[in-house]
Amino acid sequence: MKTYTITAEVEQARTAALEVLHHNRRGPCAGLPRTAGWAYPEPYTRDMVFTFFGIAVSGDEQLVLSMRRVLEVLAKNQTGHGHIPSLAHDPENLGASDTTPLFLVGVSIYRQLTGETAFLQEAAEKALTWLYYQCPSDRLLVAQLPTSDWRDEQWVLGYGLYVNTLVYAGLRMFDRHQRADAFLQEMRHFTITCNYMQRHVHEGLTVKSKPYYACWSYKIYSSERFDLLGNSLAILTGIASPSRAARMIAWIEAECDVMRERGELASELPPNFFPFVQPGDPDWRPRDAEFNKPGDYHNGGIWPFVCGVYIAALVAAGRYQLAEKKLYALAQAVKPSHAQPLAYGFNEWLHAQDGLPKGQNWQSWSAALYLYALRCVEERRTPFFEEMRKKSSREQ
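Keep in mind that what you see is a predicted model, and the values were worked out from it rather than measured. (Residues numbered from 1 in each chain as written. Predicted model: local features only at pLDDT ≥ 70, side-chain atom pairs only at ≥ 80, totals over all residues. Heavy atoms only, no water.)

### Observations regarding the overall build of the chain
When helices and strands are counted, the chain shows 14 helices and 5 strands. Against the compact-globule benchmark of 21 Å for 396 residues, the chain has a radius of gyration of 20 Å, which places it among compact chains. C-alpha extents for the chain along the principal axes are approximately 60 × 50 × 50 Å. A total of 396 residues make up the chain; the buried ones form 59% of that total. Across the chain, every contact between residues at least 6 apart in sequence was considered, and the portion connecting residues at least 24 apart equals 62%. For the chain, the exposed surface amounts to about 15,900 Å²; the carbon and sulfur share of it is 50%. (Helix = DSSP H or I, 4+ residues; strand = E, 2+ residues; numbered from the N terminus. Rg over C-alpha atoms; globule rule 2.2 N^0.38 Å. Buried < 20%, exposed > 50% of the residue type's maximum accessible area, 1.4 Å probe, protein only. Contact = heavy atoms within 4.5 Å. Areas by Shrake-Rupley, 256 points an atom, 1.4 Å probe, with all protein chains shown as cover.)

Put into C-alpha coordinates, the structure is as follows:
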(Lines give C-alpha, C1' and ligand atoms only; values in the text may rest on other atoms or scores of the structure.)
Protein backbone atom coordinates (compact mmCIF):
# COMPACT_ATOMS: atom_id res chain seq x y z
CA MET A 1 0.00 0.00 0.00
CA LYS A 2 1.24 3.46 -0.86
CA THR A 3 1.99 5.54 2.22
CA TYR A 4 1.94 9.27 2.72
CA THR A 5 5.28 11.06 2.92
CA ILE A 6 5.00 13.83 5.49
CA THR A 7 6.57 17.10 4.36
CA ALA A 8 8.45 19.37 6.73
CA GLU A 9 5.67 21.98 6.58
CA VAL A 10 2.99 19.45 7.44
CA GLU A 11 5.05 18.16 10.38
CA GLN A 12 5.81 21.67 11.64
CA ALA A 13 2.10 22.42 11.70
CA ARG A 14 1.51 19.25 13.76
CA THR A 15 4.00 20.44 16.38
CA ALA A 16 2.40 23.88 16.41
CA ALA A 17 -1.09 22.38 16.79
CA LEU A 18 -0.02 20.48 19.90
CA GLU A 19 1.46 23.68 21.31
CA VAL A 20 -1.90 25.42 20.84
CA LEU A 21 -3.80 22.63 22.58
CA HIS A 22 -1.40 22.61 25.52
CA HIS A 23 -1.61 26.38 25.81
CA ASN A 24 -5.41 26.14 25.91
CA ARG A 25 -5.55 23.06 28.15
CA ARG A 26 -6.45 25.00 31.30
CA GLY A 27 -8.51 28.17 31.31
CA PRO A 28 -10.09 30.45 33.92
CA CYS A 29 -13.48 28.68 33.97
CA ALA A 30 -13.31 25.84 36.51
CA GLY A 31 -9.87 24.92 35.16
CA LEU A 32 -11.43 23.61 31.94
CA PRO A 33 -9.79 24.09 28.55
CA ARG A 34 -10.32 27.41 26.84
CA THR A 35 -11.78 27.69 23.36
CA ALA A 36 -9.05 29.95 21.98
CA GLY A 37 -5.68 31.22 23.08
CA TRP A 38 -6.75 34.68 24.17
CA ALA A 39 -10.19 35.88 23.04
CA TYR A 40 -12.40 32.96 24.09
CA PRO A 41 -11.53 31.83 27.62
CA GLU A 42 -14.79 29.88 28.02
CA PRO A 43 -15.09 26.12 27.39
CA TYR A 44 -17.71 26.05 24.62
CA THR A 45 -19.11 22.53 24.50
CA ARG A 46 -19.15 22.14 20.71
CA ASP A 47 -15.58 23.40 20.38
CA MET A 48 -14.41 21.13 23.18
CA VAL A 49 -15.96 17.98 21.70
CA PHE A 50 -14.58 18.68 18.23
CA THR A 51 -11.13 18.99 19.80
CA PHE A 52 -11.52 15.38 20.97
CA PHE A 53 -11.11 14.21 17.37
CA GLY A 54 -7.52 15.45 17.38
CA ILE A 55 -6.72 14.91 21.05
CA ALA A 56 -7.74 11.26 20.84
CA VAL A 57 -5.24 10.56 18.05
CA SER A 58 -2.46 12.69 19.55
CA GLY A 59 -1.28 10.14 22.12
CA ASP A 60 -0.83 12.99 24.60
CA GLU A 61 -1.85 11.85 28.09
CA GLN A 62 -2.31 15.36 29.50
CA LEU A 63 -4.69 16.31 26.71
CA VAL A 64 -6.63 13.05 27.11
CA LEU A 65 -7.04 13.80 30.82
CA SER A 66 -8.45 17.23 29.96
CA MET A 67 -10.86 15.50 27.59
CA ARG A 68 -12.12 13.27 30.41
CA ARG A 69 -12.50 16.28 32.70
CA VAL A 70 -14.68 18.12 30.16
CA LEU A 71 -16.97 15.12 29.72
CA GLU A 72 -17.36 14.62 33.46
CA VAL A 73 -18.27 18.29 33.98
CA LEU A 74 -20.75 18.16 31.09
CA ALA A 75 -22.41 15.12 32.67
CA LYS A 76 -22.55 16.88 36.03
CA ASN A 77 -24.18 19.98 34.49
CA GLN A 78 -26.61 18.06 32.27
CA THR A 79 -30.25 19.02 32.82
CA GLY A 80 -32.70 16.64 34.44
CA HIS A 81 -34.18 15.86 31.03
CA GLY A 82 -30.78 15.11 29.51
CA HIS A 83 -29.85 18.32 27.67
CA ILE A 84 -26.16 19.30 27.61
CA PRO A 85 -25.26 22.99 28.22
CA SER A 86 -23.53 25.18 25.65
CA LEU A 87 -20.80 26.16 28.10
CA ALA A 88 -19.37 23.16 29.91
CA HIS A 89 -19.06 24.95 33.25
CA ASP A 90 -22.43 26.72 33.22
CA PRO A 91 -25.55 24.56 33.72
CA GLU A 92 -27.78 27.58 32.99
CA ASN A 93 -26.36 28.26 29.52
CA LEU A 94 -28.75 26.15 27.49
CA GLY A 95 -30.57 26.06 24.17
CA ALA A 96 -28.12 24.69 21.59
CA SER A 97 -29.27 21.88 19.33
CA ASP A 98 -25.84 20.34 18.70
CA THR A 99 -24.37 20.04 22.20
CA THR A 100 -26.32 16.95 23.27
CA PRO A 101 -25.48 14.77 20.25
CA LEU A 102 -21.90 16.06 20.37
CA PHE A 103 -21.69 14.90 23.99
CA LEU A 104 -22.64 11.39 22.87
CA VAL A 105 -19.98 11.48 20.15
CA GLY A 106 -17.40 12.69 22.68
CA VAL A 107 -18.23 9.99 25.22
CA SER A 108 -18.00 7.32 22.53
CA ILE A 109 -14.62 8.56 21.29
CA TYR A 110 -13.31 8.51 24.85
CA ARG A 111 -14.64 5.00 25.40
CA GLN A 112 -13.07 3.73 22.18
CA LEU A 113 -9.78 5.36 23.14
CA THR A 114 -9.60 4.06 26.72
CA GLY A 115 -11.66 0.88 26.68
CA GLU A 116 -13.90 2.22 29.49
CA THR A 117 -17.08 0.89 27.91
CA ALA A 118 -19.42 2.06 30.70
CA PHE A 119 -17.98 5.57 31.08
CA LEU A 120 -20.79 8.07 31.87
CA GLN A 121 -23.47 5.53 30.91
CA GLU A 122 -26.27 7.17 32.89
CA ALA A 123 -25.57 10.59 31.34
CA ALA A 124 -25.44 9.05 27.86
CA GLU A 125 -28.82 7.37 28.37
CA LYS A 126 -30.34 10.67 29.44
CA ALA A 127 -28.86 12.42 26.41
CA LEU A 128 -30.34 9.80 24.07
CA THR A 129 -33.74 10.23 25.70
CA TRP A 130 -33.53 14.01 25.25
CA LEU A 131 -32.87 13.57 21.53
CA TYR A 132 -35.81 11.20 21.13
CA TYR A 133 -38.11 14.08 22.10
CA GLN A 134 -36.69 16.71 19.73
CA CYS A 135 -38.76 15.74 16.68
CA PRO A 136 -41.94 17.81 16.04
CA SER A 137 -43.52 14.94 14.09
CA ASP A 138 -42.53 12.43 16.80
CA ARG A 139 -40.65 10.38 14.23
CA LEU A 140 -36.86 10.50 13.94
CA LEU A 141 -35.22 13.62 12.51
CA VAL A 142 -34.63 16.31 15.13
CA ALA A 143 -35.50 19.97 14.61
CA GLN A 144 -33.89 23.14 15.87
CA LEU A 145 -34.55 26.81 16.36
CA PRO A 146 -32.66 29.43 14.32
CA THR A 147 -29.04 30.07 15.34
CA SER A 148 -29.03 27.21 17.84
CA ASP A 149 -26.07 25.32 16.43
CA TRP A 150 -22.53 26.56 15.75
CA ARG A 151 -23.73 29.08 13.14
CA ASP A 152 -24.83 31.95 15.34
CA GLU A 153 -25.15 34.32 12.37
CA GLN A 154 -26.95 31.97 10.01
CA TRP A 155 -30.48 30.72 10.46
CA VAL A 156 -31.08 27.00 10.14
CA LEU A 157 -34.76 26.15 10.32
CA GLY A 158 -36.40 22.84 11.11
CA TYR A 159 -34.44 19.69 10.28
CA GLY A 160 -30.81 20.77 9.97
CA LEU A 161 -28.35 18.48 8.21
CA TYR A 162 -25.39 19.14 10.52
CA VAL A 163 -27.32 18.42 13.72
CA ASN A 164 -28.96 15.31 12.31
CA THR A 165 -25.62 13.84 11.19
CA LEU A 166 -24.47 14.14 14.79
CA VAL A 167 -27.66 12.51 16.09
CA TYR A 168 -27.16 9.66 13.65
CA ALA A 169 -23.55 9.24 14.80
CA GLY A 170 -24.69 9.12 18.42
CA LEU A 171 -27.27 6.44 17.67
CA ARG A 172 -24.70 4.25 15.92
CA MET A 173 -22.05 4.80 18.59
CA PHE A 174 -24.46 3.70 21.32
CA ASP A 175 -25.75 0.65 19.44
CA ARG A 176 -29.21 2.03 18.72
CA HIS A 177 -28.94 0.38 15.34
CA GLN A 178 -32.62 -0.25 14.65
CA ARG A 179 -33.40 3.43 15.23
CA ALA A 180 -30.30 4.45 13.29
CA ASP A 181 -31.38 2.32 10.31
CA ALA A 182 -34.79 4.00 10.28
CA PHE A 183 -33.14 7.40 10.80
CA LEU A 184 -30.94 6.80 7.76
CA GLN A 185 -33.94 5.97 5.61
CA GLU A 186 -35.72 9.14 6.70
CA MET A 187 -32.70 11.31 5.89
CA ARG A 188 -32.71 9.80 2.41
CA HIS A 189 -36.24 11.07 1.69
CA PHE A 190 -36.26 13.97 -0.75
CA THR A 191 -36.86 17.54 0.27
CA ILE A 192 -40.31 18.77 -0.80
CA THR A 193 -40.16 21.00 -3.88
CA CYS A 194 -43.85 21.77 -4.45
CA ASN A 195 -45.93 24.37 -2.61
CA TYR A 196 -48.00 21.90 -0.64
CA MET A 197 -47.52 18.73 1.39
CA GLN A 198 -49.32 15.56 0.47
CA ARG A 199 -50.69 13.41 3.25
CA HIS A 200 -48.29 10.82 4.65
CA VAL A 201 -45.33 12.34 2.78
CA HIS A 202 -42.37 12.84 5.10
CA GLU A 203 -39.71 15.28 4.05
CA GLY A 204 -36.05 14.38 4.21
CA LEU A 205 -32.72 16.03 3.47
CA THR A 206 -31.81 14.54 0.09
CA VAL A 207 -31.75 17.04 -2.77
CA LYS A 208 -33.30 15.43 -5.85
CA SER A 209 -31.18 17.23 -8.46
CA LYS A 210 -27.87 17.45 -6.55
CA PRO A 211 -25.41 14.92 -5.11
CA TYR A 212 -25.38 16.54 -1.66
CA TYR A 213 -27.85 16.94 1.23
CA ALA A 214 -29.84 20.10 1.88
CA CYS A 215 -28.59 22.43 4.61
CA TRP A 216 -32.05 22.17 6.19
CA SER A 217 -35.64 21.37 5.34
CA TYR A 218 -39.00 21.75 7.04
CA LYS A 219 -42.39 21.08 5.47
CA ILE A 220 -42.40 22.83 2.08
CA TYR A 221 -39.32 24.96 2.85
CA SER A 222 -35.64 24.12 2.55
CA SER A 223 -32.20 25.56 1.87
CA GLU A 224 -30.33 23.82 -0.90
CA ARG A 225 -27.17 25.84 -0.37
CA PHE A 226 -24.21 23.59 0.35
CA ASP A 227 -23.17 23.02 3.98
CA LEU A 228 -19.61 21.66 3.97
CA LEU A 229 -19.56 20.51 7.60
CA GLY A 230 -22.90 18.70 7.47
CA ASN A 231 -22.13 16.99 4.17
CA SER A 232 -18.60 16.04 5.25
CA LEU A 233 -20.05 14.44 8.38
CA ALA A 234 -22.58 12.65 6.17
CA ILE A 235 -19.68 11.06 4.27
CA LEU A 236 -17.64 10.35 7.41
CA THR A 237 -20.52 8.63 9.21
CA GLY A 238 -21.70 6.67 6.17
CA ILE A 239 -25.01 8.48 5.72
CA ALA A 240 -23.85 9.18 2.17
CA SER A 241 -23.32 5.98 0.20
CA PRO A 242 -19.91 5.53 -1.47
CA SER A 243 -21.40 6.44 -4.85
CA ARG A 244 -23.10 9.57 -3.50
CA ALA A 245 -19.90 10.53 -1.65
CA ALA A 246 -17.91 10.23 -4.89
CA ARG A 247 -20.40 12.39 -6.78
CA MET A 248 -20.52 14.93 -3.96
CA ILE A 249 -16.74 15.34 -3.80
CA ALA A 250 -16.50 15.75 -7.58
CA TRP A 251 -19.23 18.40 -7.39
CA ILE A 252 -17.49 20.26 -4.53
CA GLU A 253 -14.18 20.42 -6.34
CA ALA A 254 -15.81 21.50 -9.63
CA GLU A 255 -17.79 24.25 -7.90
CA CYS A 256 -14.67 25.49 -6.10
CA ASP A 257 -12.83 25.66 -9.44
CA VAL A 258 -15.62 27.87 -10.78
CA MET A 259 -15.45 30.12 -7.70
CA ARG A 260 -11.69 30.50 -8.16
CA GLU A 261 -12.19 31.51 -11.78
CA ARG A 262 -14.69 34.15 -10.66
CA GLY A 263 -12.36 35.53 -7.97
CA GLU A 264 -14.67 34.34 -5.19
CA LEU A 265 -12.19 31.87 -3.70
CA ALA A 266 -8.45 32.31 -3.21
CA SER A 267 -7.74 29.06 -1.37
CA GLU A 268 -7.39 25.42 -2.38
CA LEU A 269 -9.75 24.72 0.51
CA PRO A 270 -13.54 24.89 0.13
CA PRO A 271 -15.73 27.48 1.88
CA ASN A 272 -17.97 26.31 4.69
CA PHE A 273 -21.14 27.33 2.81
CA PHE A 274 -21.94 28.19 -0.79
CA PRO A 275 -23.17 29.66 -3.01
CA PHE A 276 -22.74 32.71 -0.80
CA VAL A 277 -25.92 34.54 0.24
CA GLN A 278 -25.88 37.85 -1.62
CA PRO A 279 -27.71 41.12 -0.86
CA GLY A 280 -31.11 40.86 -2.48
CA ASP A 281 -31.38 37.08 -2.08
CA PRO A 282 -34.52 35.91 -0.24
CA ASP A 283 -32.40 34.55 2.64
CA TRP A 284 -30.28 37.73 2.97
CA ARG A 285 -30.90 39.64 6.22
CA PRO A 286 -29.91 43.24 7.01
CA ARG A 287 -27.67 42.07 9.85
CA ASP A 288 -25.62 40.07 7.30
CA ALA A 289 -24.21 43.32 5.92
CA GLU A 290 -22.32 43.76 9.20
CA PHE A 291 -21.54 40.23 10.33
CA ASN A 292 -22.00 37.80 7.45
CA LYS A 293 -20.98 39.32 4.13
CA PRO A 294 -20.45 37.00 1.13
CA GLY A 295 -17.27 35.02 1.79
CA ASP A 296 -17.22 35.95 5.48
CA TYR A 297 -17.81 33.98 8.67
CA HIS A 298 -20.72 31.56 8.17
CA ASN A 299 -21.58 32.90 4.72
CA GLY A 300 -18.69 31.16 2.95
CA GLY A 301 -15.74 31.72 5.25
CA ILE A 302 -12.99 29.09 5.20
CA TRP A 303 -12.98 27.35 8.58
CA PRO A 304 -9.89 25.22 9.29
CA PHE A 305 -11.78 22.86 11.60
CA VAL A 306 -14.45 22.26 8.95
CA CYS A 307 -11.75 21.67 6.33
CA GLY A 308 -10.20 19.09 8.67
CA VAL A 309 -13.51 17.20 8.69
CA TYR A 310 -13.64 17.49 4.89
CA ILE A 311 -10.17 15.94 4.60
CA ALA A 312 -11.32 13.07 6.84
CA ALA A 313 -14.34 12.65 4.54
CA LEU A 314 -12.02 12.47 1.53
CA VAL A 315 -10.11 9.66 3.23
CA ALA A 316 -13.39 7.92 4.07
CA ALA A 317 -14.32 8.10 0.38
CA GLY A 318 -10.94 6.69 -0.70
CA ARG A 319 -9.78 9.95 -2.30
CA TYR A 320 -6.32 9.70 -0.76
CA GLN A 321 -4.35 11.87 -3.19
CA LEU A 322 -6.92 14.64 -3.02
CA ALA A 323 -6.86 14.38 0.79
CA GLU A 324 -3.05 14.80 0.74
CA LYS A 325 -3.38 17.87 -1.46
CA LYS A 326 -5.97 19.43 0.83
CA LEU A 327 -3.92 18.60 3.94
CA TYR A 328 -0.97 20.50 2.51
CA ALA A 329 -3.30 23.43 1.77
CA LEU A 330 -4.60 23.28 5.34
CA ALA A 331 -1.03 23.31 6.70
CA GLN A 332 -0.58 26.57 4.79
CA ALA A 333 -3.94 27.99 5.87
CA VAL A 334 -3.25 27.57 9.61
CA LYS A 335 -0.11 29.74 9.41
CA PRO A 336 -1.51 33.29 9.04
CA SER A 337 -2.55 35.07 12.21
CA HIS A 338 -4.79 38.05 12.78
CA ALA A 339 -3.34 41.08 14.62
CA GLN A 340 -0.71 39.01 16.49
CA PRO A 341 2.83 38.04 15.42
CA LEU A 342 2.57 34.24 15.57
CA ALA A 343 4.40 31.59 13.55
CA TYR A 344 1.10 29.67 13.34
CA GLY A 345 -2.20 31.46 13.84
CA PHE A 346 -4.61 28.48 13.78
CA ASN A 347 -7.22 31.15 13.20
CA GLU A 348 -10.95 30.68 13.54
CA TRP A 349 -11.85 31.44 9.90
CA LEU A 350 -10.41 33.00 6.77
CA HIS A 351 -11.96 35.32 4.19
CA ALA A 352 -12.81 33.33 1.08
CA GLN A 353 -11.84 35.93 -1.52
CA ASP A 354 -8.29 36.54 -0.27
CA GLY A 355 -7.58 33.81 2.32
CA LEU A 356 -6.77 36.33 5.06
CA PRO A 357 -7.55 35.36 8.68
CA LYS A 358 -10.46 37.28 10.19
CA GLY A 359 -11.30 35.45 13.40
CA GLN A 360 -9.44 34.78 16.65
CA ASN A 361 -6.06 33.06 16.78
CA TRP A 362 -5.12 29.76 18.39
CA GLN A 363 -8.54 28.17 18.16
CA SER A 364 -8.52 24.77 19.82
CA TRP A 365 -10.70 23.11 17.20
CA SER A 366 -8.63 24.53 14.34
CA ALA A 367 -5.57 22.88 15.87
CA ALA A 368 -7.26 19.62 16.84
CA LEU A 369 -8.95 18.96 13.51
CA TYR A 370 -5.64 19.55 11.78
CA LEU A 371 -4.20 16.73 13.90
CA TYR A 372 -7.15 14.48 13.09
CA ALA A 373 -6.97 15.20 9.37
CA LEU A 374 -3.23 14.45 9.38
CA ARG A 375 -3.75 11.13 11.15
CA CYS A 376 -6.49 10.16 8.69
CA VAL A 377 -4.19 10.91 5.74
CA GLU A 378 -1.26 9.10 7.35
CA GLU A 379 -3.23 5.93 8.09
CA ARG A 380 -5.71 6.07 5.20
CA ARG A 381 -8.48 5.43 7.68
CA THR A 382 -10.77 7.52 9.89
CA PRO A 383 -10.36 6.63 13.58
CA PHE A 384 -13.63 6.16 15.50
CA PHE A 385 -15.82 6.10 12.35
CA GLU A 386 -14.75 3.00 10.40
CA GLU A 387 -17.25 0.60 11.97
CA MET A 388 -20.04 3.14 11.73
CA ARG A 389 -19.65 3.36 7.96
CA LYS A 390 -19.70 -0.43 7.69
CA LYS A 391 -22.99 -0.56 9.56
CA SER A 392 -24.36 2.28 7.44
CA SER A 393 -23.41 0.54 4.19
CA ARG A 394 -25.66 -2.41 5.04
CA GLU A 395 -28.65 -0.09 4.75
CA GLN A 396 -27.67 1.55 1.46
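### Some words on unusual backbone geometry
The residue after Phe274, namely Pro275, is reached through a cis peptide bond having omega -5°. Tracing the chain through its elements places Pro275 in the loop between strand E5 (273–274) and helix H10 (288–291). Non-glycine residue Leu120 carries a positive phi angle of around 55°. By the secondary structure assignment, Leu120 is in the loop between helix H4 (99–114) and helix H5 (121–132). Although it is not a glycine, Arg380 sits at a positive phi angle of roughly 55°. If you trace the backbone, Arg380 turns up in the loop between helix H13 (364–379) and helix H14 (386–393). Residue Arg380 is classed as buried on the basis of its relative accessible area, which comes to 17%.

### So, the side chain of Arg151
Topologically, Arg151 is positioned in the loop between H5 and strand E1 (159–160). Side chain to side chain, Arg151 and Asp149 meet in a polar contact 2.6 Å long. When sequence neighbours within four positions are dropped, the list of residues in contact with Arg151 reads Val156, Tyr162, Cys215, Asp227 and His298. (Polar contact = N/O pair within 3.5 Å; in protein donor to acceptor, adjacent residues only side chain to side chain.)

### So, the packing of aromatic side chains
In the structure shown here, the tally under the stated rule is 25 aromatic pairs. Between Tyr212 and Trp251 the ring centres are 4.6 Å apart and the planes differ by 45°, which places this aromatic pair in the tilted class. Here the residue Tyr212 occupies a position in the loop between helix H7 (177–187) and strand E2 (216–218), and Trp251 occupies one in helix H9 (residues 242–262), the gap between them amounting to 39 residues. Where Phe226 meets Trp251, the ring centres are 5.3 Å apart and the plane angle is 55°; that geometry is what we call tilted. With Phe226 in strand E4 (residues 226–227) and Trp251 in helix H9, this pair connects stretches of sequence that are 25 residues apart. For the pair formed by Phe226 and Trp251, the shared burial category is buried. One aromatic cluster in this structure is built from Phe50, Phe53, Trp150, Tyr297, Trp303, Phe305, Trp349, Trp365, Tyr372 and Phe385. The cationic tip of Arg179 hangs over the ring face of Tyr132; the distance from NZ or CZ to the ring centre is 4.0 Å. The ring of Tyr213 carries the charged tip of Arg244 above its face, separated from the ring centre by 5.2 Å. (Phe/Tyr/Trp six-rings, centres within 6.5 Å; stacked < 30°, edge-to-face > 60°. Lys NZ or Arg CZ within 6 Å of the ring centre and 35° of its normal.)

### Brief notes about the nonpolar core
Grouped together as the largest cluster of nonpolar side chains are 126 residues, with contacts concentrated most on Phe103, Tyr370 and Tyr372. The element best represented in this core is H13, accounting for 11 residues. Not counting the four nearest positions on each side in its chain, Phe103 is found in contact with Leu71, Leu74, Ala75, Ile84, Leu120, Ala123, Ala124 and Ala127. Formed by 6 residues, the second largest nonpolar core is a distinct cluster that contains Val156, Phe273, Val277 and Trp284. (Core = buried A, V, L, I, M, F, W, Y, C linked by side-chain atoms within 4.5 Å.)

### Digging into the pattern of salt bridges
Under the criterion given, the structure shown has 24 salt bridges. One salt bridge connects Arg287 with Glu153, and the closest N-O pair in it is separated by 2.8 Å. Of this pair, Arg287 sits in the loop between E5 and H10 while Glu153 sits in the loop between H5 and E1, and the two are 134 residues apart along the sequence. With a relative accessible area of 14%, Glu153 lands in the buried category. Between Arg225 and Asp281 there is a salt bridge, with the nearest N and O atoms lying 3.2 Å from each other. Here the residue Arg225 occupies a position in the loop between strand E3 (221–223) and E4, and Asp281 occupies one in the loop between E5 and H10, the gap between them amounting to 56 residues. Classification of Arg225 as buried rests on a relative accessible area of 14%. Relative accessible area serves as the criterion here: at 25%, Asp281 is assigned to the partly exposed category. (Salt bridge = Lys/Arg side-chain N within 4 Å of Asp/Glu carboxyl O.)

### Regarding the sheet that holds E3
The antiparallel open sheet is built from 3 strands, whose spatial order is E1-E2-E3. This sheet does not close on itself; its edge strands, each paired only once, are E1 and E3. Alignment of E2 against E3, held across 3 bridges, turns out to be antiparallel. Directly across from Tyr218, in E3, lies its bridge partner Tyr221. (Pairing = 2+ DSSP bridges.)

### Points about the environment of Ile84
Tracing the backbone shows Ile84 in the loop between helix H3 (61–76) and H4. With relative accessibility at 0%, the residue Ile84 sits in the buried group. Considering only alpha carbons, one finds Ile84 and Leu94, 10 residues apart in sequence, at a separation of 7.3 Å. Residues contacting Ile84, with those up to four places away along its chain left out, are Thr45, Leu74, Gln78, Leu94, Thr99, Thr100 and Phe103.

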